[in-house]
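Next come the chains, spelled out residue by residue.
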Amino acid sequence: MIRPGKMILQVLQSLFQKPATTRYPFVKAPMPKGFRGKLRFTSERCIGCRACMRDCPAAAITIRKVGEKKFEAEIDLARCISCAQCVDSCPRDALEATPEFELAQLDPTKLKVVFHANLADVEDEPATKT
Amino acid sequence: MASALFYILIFPGFLFVSVFGLAAEYIDRKLCAKLQNRVGPPWFQPLADLVKLVAKETVMPVDADLTIFRLMPVVALTAAITALLYIPMWGPQALFSFQGDVIVVLYLLTIPTLTFFLGGWYSRSVFSMIGAARSITQLFAYEIPLFLSILAPALLANTWSLSEMTVFYGQHPRYGLFNFAGFWIALTALLGKLEKVPFDIPEAETEIVAGSFTEYSGRLLAFFRMTINIEMVVGASLLAAVFLPYGLHLGPLVGFVLYLLKVLLVVALLSLSRTVFARLRIDQMIDFCWKYVAPVAFAQLLADLMLKGLLG
Amino acid sequence: MPERNFTIPIGPQHPALKEPESFNVTLQGEKIVGMNVRLGYNHRGIEKACEERTFVQDVYLIERVCGICSHSHSTCFVQAVEEIAGLEVPKRGLYIRTLVAELERVHSHLLWLGVAGHEIGFDTLLMYTWRDREVVMDLLALLTGNRVHYGMNTIGGVRRDITAEQIPQILAAVDTLEERTKYYAQVATQEMTIIKRLSGVGVLSHEDAKHLGAVGPTARASAVDRDVRRDDPYAAYGALSFNVVTDNHNDVYGRTLVRVGELMEAYKLIRQIVANLPGGPIAVKAPRKIPAGEALSRYEAPRGEDIHYVRANGTDKPERVKIRAPTLANVQVVAHMLKDRYLADLPIVIAAIDPCFSCTDRAIRVRSDVDAMPETMSWPALRAQSIDWYRQQGIDFTQLNRTFMKK
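## What to know about the packing of aromatic side chains
Pairs of aromatic rings are described using the distance from one ring centre to the other and the angle between the two planes.
Right, on to step 1. Scanning all chains against the criterion turns up 23 aromatic pairs over all chains.
Right, on to step 2. Consider the rings of A:Phe35 and A:Phe101, whose centres lie 6.3 Å apart with planes at 70 degrees: the pair is edge-to-face. Pair noted here: A:Phe35 is in the loop between helix H1 (8-14) and strand E1 (39-41) and A:Phe101 is in the loop between strand E4 (95-97) and strand E5 (112-115), with a separation of 66 residues, a long-range link.
Right, on to step 3. You can call A:Phe35 buried: its relative accessible area is 8%.
Right, on to step 4. Residue A:Phe101 is classed as partly exposed on the basis of its relative accessible area of 32%.
Right, on to step 5. Pairing B:Tyr216 with B:Phe224 gives two aromatic rings, centres 4.9 Å apart and planes at 85 degrees, and the pair type is edge-to-face. As far as burial versus exposure is concerned, B:Tyr216 and B:Phe224 are alike and both buried.
Right, on to step 6. Put simply, the rings of B:Phe69, B:Phe116, B:Phe213, B:Tyr216 and B:Phe224 pair up and form one aromatic cluster.
Right, on to step 7. A cation sits over an aromatic face here: C:Arg259 above C:Trp112, 4.4 Å from the ring centre.

As structure tokens, this is what we get:
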């Protein structure tokens, strides 16, 4: 039956429903497990093969040798496209993607995240934790 | 003198009607959001928008006729506010009234549309000019049904004064129900007057950006936005006074609360209709108004005339 | 209304268009008497950039040709590369690829329905369809790890497996979406104001659709029975049963019906894929250096047929990549459909081909001085030419770069 106001019942029902939208910055939006967000680098596992650097489509990752079998990684979040190809390319699982996605910064220097060799798994630079 | 200033500036003049206009805008937007299953804006959003606009730079188009461009928003706002002075709010008696004030109110409510036309036309931008032409085309489609539907109850009450009409329908409440069709006609016409979906053709965002208001910015745009809010309140008040004239004799306080509720009811109906329809095309809108709305308005007029004849 | 004609610029910046593209419309009153389409505002040189990167990197670059049909482009590209390299993708990989492809179609068509609603001033439809689209977006984020750029494809298969716990979630989401789609089908076919705005608008006859080379739902709504998924099966489509939805309304209303019908078919396909998901590996190891050769790959993206051409020369970088996005095939019909129509129909008619100008523009060559320039140019010559061209426009990029460097 063709008539005007077909959606009227639906919209009136919505008056008594919880809104579908949220007050986002105040109510956080959780991402599912396995979401490809900010990368994490574990220095102990890195063997310095630089497969990640070779495959990164955006040249966002740099591995530097800082000592005998010690490597640090610098990830440029402004360049990273979150494809996580580096995670796939790494033969030793030194890289992994975390579900952290709120990476915007006002200060561009904070977008460069360095994972130092001696402080494995902990970021030296404060970077993006808010 | 002091009381006249109070009437004009504070109540029921500029200050009251501005606050009420912003409140009506908030209710319209919040309700619309709720109907669309959204959270919607916080209560201060209309005020924040207004403050932001007033604080912003007003950009003047190079080719525009600056006198008319600057003058029109002020004329629009003045006309909309003045119209409210003749509408009964807290009792059967409006602040000012005389024989023929119905016509004056309807006329004052037409002025904003004319200013939209002139302001848009003299901005000399193609989007504004198309919007302006659409405004005036649409005016011819909804204005006559609106006049007919408001004048029909006036004929029945045998007066051209809104206050006397309210008194008449207060004495004969059952006659008010008789104008039921007229209420819906007037509501439809009001949608067209306020340029809301499905009749938001003159400011159809996806076609002509913002229609007449495309070139307006800053304070002048704020004036126009206030005008539309106030027009909404005044239009709703007019509908409340003509078609829902109940409870006004119960004293100023009850009458005033009832008046607010009636206006909000009309605003809610406007929001509902703007959520459930798609925008029509200008030719479809004119077709619809002349084929369906105007004949019903005529029928209402004839029915009122016949009832009047029967009653003697 | 003035009697004279006047031209209004719809785009490159306009609320009706979500991407920069220019339609200069000549109007007589409210009637459109002429139209001039100018493409190329979103040129990003992706095809050239592909030649500078390895095949592995190109998969992600190609995915970024479009934000909506990202999986379409990357699948189309890896199919071509796999053909050149002679890789046999495992069955499970193909099924997962198809699953993501159909989920993408669902999200794209729901997006379109909302956009169509917005273009005709029916924002409520937009709000509701996009609310329900979140269901499929969340599902895609769960399965692939991202909401938009799924990064699911790799040369030789897919990168992520579907686990057993995810299957009930997929089915539950599909049930919800199917119920909602049925409701939207009712709204689209029963709401009077929608029908008034869609039916008889943007008419494209069967002959014109064939003649102008329309693709996808735009063509299928003009009863052109063409669908790459059936005519030239790729991925797992050969083993699945589905109908190609066509319609003979020839207008925007017909295109809506086709898209809603395709949504229902997509749910059917997703259920089939989930029920028949074969076991085994999801990918084979691809060589870094792809042997010399060339391949053309076709793919039925939500917007129509997508074509990728890849030529390899035995190194790890492609020698040439050419992309023909579906919007390029469809954009010609827009001007035809709008002739002698109202200005008010313009947004919905443009929206009805579901345009994706970013896809189209990434490699269009716009040259007004064709004769003056040699057919091939070296990289330094091209660079010098571009610097010179911008200098003529009053922008000196060399100067800008220097200022940025100082900062």
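## Topic: the sheet that holds strand E3 (residues 70-76) of chain A
All names here are of chain A.
Right, on to step 1. Strand order in the open sheet made by the 3 strands is E2-E3-E5, with antiparallel pairing throughout. Looking along the sheet, the strands with just one partner apiece sit at the ends: strand E2 (61-67) and E5. Pairs of neighbouring strands in the sheet enclose a mean axial angle of 20 degrees, with direction left out of account.
Right, on to step 2. By the bridge criterion, 4 bridges tie E3 to E5 in an arrangement that is antiparallel.

## Examining the domain arrangement of chain C
Right, on to step 1. Examined at the domain level, chain C breaks down into domain 1 (46-337) and domain 2 (373-407).
Right, on to step 2. Between the C-alpha centres of domain 1 of chain C and domain 2 of chain C the distance comes to 37 Å.

## Remarks on the sheet that holds strand E2 (residues 22-28) of chain C
All names here are of chain C.
Right, on to step 1. Strand order in the open sheet made by the 3 strands is E1-E2-E3, with antiparallel pairing throughout. Since the sheet does not close on itself, it has two edges, and those belong to strand E1 (6-10) and strand E3 (31-38), each with one partner. When the angles between neighbouring strand axes are averaged without regard to direction, this sheet yields 25 degrees.
Right, on to step 2. As paired elements, E1 and E2 share 5 bridges and run antiparallel to each other. In the sheet register, phenylalanine 6 faces E2, and the bridge partner there is leucine 27.
Right, on to step 3. Where helix H12 (residues 326-338) meets the sheet, it contacts E2 and E3, and its direction lies at approximately 165 degrees from that of E3.

## A few points about helix H15 (residues 379-392) of chain C
Right, on to step 1. For H15(C), spanning 14 residues, the distance from its first C-alpha to its last is 20 Å, which sits close to the expected 20 Å at 1.5 Å a residue.
Right, on to step 2. Phi for C:Gly394, located one or two positions after H15(C), is positive at around 95 degrees.

## A word on the environment of C:Glu305
Residues and elements named next belong to chain C.
Right, on to step 1. Here glutamate 305 is to be found in strand E7 (residues 304-312).
Right, on to step 2. In sequence terms glutamate 305 and lysine 31 are 274 residues apart; their C-alpha atoms lie 32 Å from each other.
Right, on to step 3. The contact partners of glutamate 305, leaving out residues within four places of it in the chain, are Val215, Gly216, Val228, Arg298, Tyr299, Glu300, Arg324, Ala325 and Pro326.
Right, on to step 4. One polar contact links glutamate 305 to arginine 298, side chain to side chain, over a distance of 2.7 Å.

## Things to note about the interface of chain A and chain B
Right, on to step 1. Contacts between chain A and chain B engage 15 residues on the former and 9 residues on the latter.
Right, on to step 2. Three residues stand out in chain A for area buried against chain B, namely A:Val11, A:Leu15 and A:Pro19, and they jointly supply 39% of the buried area on that side.
Right, on to step 3. There are 0 salt bridges connecting chain A and chain B.
Right, on to step 4. Taken together, the links from chain A to chain B amount to 2 residue pairs in polar contact (both at pLDDT 80 or more).

## Comments concerning the interface of chain C and chain B
Interfaces are frequently sized by the accessible area removed from exposure as the parts join.
Right, on to step 1. On the side of chain B, 27 residues touch chain C, which itself brings 35 residues to the contact.
Right, on to step 2. Across the chain C-chain B interface, the total number found is 1 salt bridge.
Right, on to step 3. Ionic pairing is found between B:Arg281 and C:Asp345, a salt bridge with its closest N-O pair at 3.1 Å.
Right, on to step 4. The interface formed by chain C and chain B holds 8 residue pairs in polar contact (both at pLDDT 80 or more) in total.
Right, on to step 5. For the side of chain C that touches chain B, the secondary structure elements donating two or more residues are E1, helix H4 (91-119), helix H5 (123-144) and helix H7 (192-198) of chain C.
Right, on to step 6. Broken down by class, the residue content of the side of chain C that touches chain B amounts to 19 nonpolar, 6 polar and 10 charged.

## A closer look at helix H6 (residues 126-157) of chain B
Residue and element names in this part refer to chain B.
Right, on to step 1. Its 32 residues give H6 an end-to-end C-alpha distance of 46 Å, which sits within 8% of 46 Å, the value for a rise of 1.5 Å per residue.
Right, on to step 2. The sharpest bend along H6 measures roughly 30 degrees and falls at tyrosine 142, with the proline proline 145 sitting one to four residues further on.
Right, on to step 3. Across the 32 residues of H6, 26 count as buried, placing the element largely inside the fold.

## Re the confidence of the model for chain B
Right, on to step 1. When pLDDT is averaged along chain B, the result is 85, and 99% of the positions lie at 70 or above.
Right, on to step 2. Here helix H1 (residues 2-10) of chain B stands out as the element of chain B with the lowest mean pLDDT, 75, in contrast to helix H3 (residues 45-55) of chain B, whose mean of 91 is the highest.

## Details of unusual backbone geometry
Right, on to step 1. With omega at 5 degrees, the peptide bond leading from B:Val197 into B:Pro198 counts as cis.
Right, on to step 2. Here B:Pro198 shows up in the loop between helix H9 (180-193) and helix H10 (205-208).
Right, on to step 3. In this model, A:Ala59 sits at a positive phi of 50 degrees, which is unusual for a non-glycine residue.
Right, on to step 4. Within the secondary structure, A:Ala59 is located in the loop between helix H2 (51-55) and E2.
Right, on to step 5. According to the relative accessible area criterion, A:Ala59 is exposed, its value standing at 52%.
Right, on to step 6. Its identity as a non-glycine residue notwithstanding, B:Glu195 has a phi of 55 degrees, on the positive side.
Right, on to step 7. Structurally, B:Glu195 is set in the loop between H9 and H10.

Rules behind the numbers
- Residues numbered from 1 in each chain as written.
- Chains lettered and ligands numbered in written order.
- Predicted model: local features only at pLDDT ≥ 70, side-chain atom pairs only at ≥ 80, totals over all residues.
- Heavy atoms only, no water.
- Phe/Tyr/Trp six-rings, centres within 6.5 Å; stacked < 30°, edge-to-face > 60°.
- Helix = DSSP H or I, 4+ residues; strand = E, 2+ residues; numbered from the N terminus.
- Buried < 20%, exposed > 50% of the residue type's maximum accessible area, 1.4 Å probe, protein only.
- Lys NZ or Arg CZ within 6 Å of the ring centre and 35° of its normal.
- Pairing = 2+ DSSP bridges.
- Axes fitted to C-alpha atoms, helices over the stretch in contact; angles between N-to-C directions.
- Domains from an automatic or database assignment.
- Contact = heavy atoms within 4.5 Å.
- Expected span 1.5 Å × (residues − 1).
- Polar contact = N/O pair within 3.5 Å; in protein donor to acceptor, adjacent residues only side chain to side chain.
- Buried area = accessible area lost by both parts, 1.4 Å probe.
- Salt bridge = Lys/Arg side-chain N within 4 Å of Asp/Glu carboxyl O.
- Nonpolar A, V, L, I, M, F, W, Y, C, P; charged D, E, K, R; others polar.
- Bend = angle between axes of the 7 residues up to and from the residue.
- pLDDT = per-residue confidence, 0-100.

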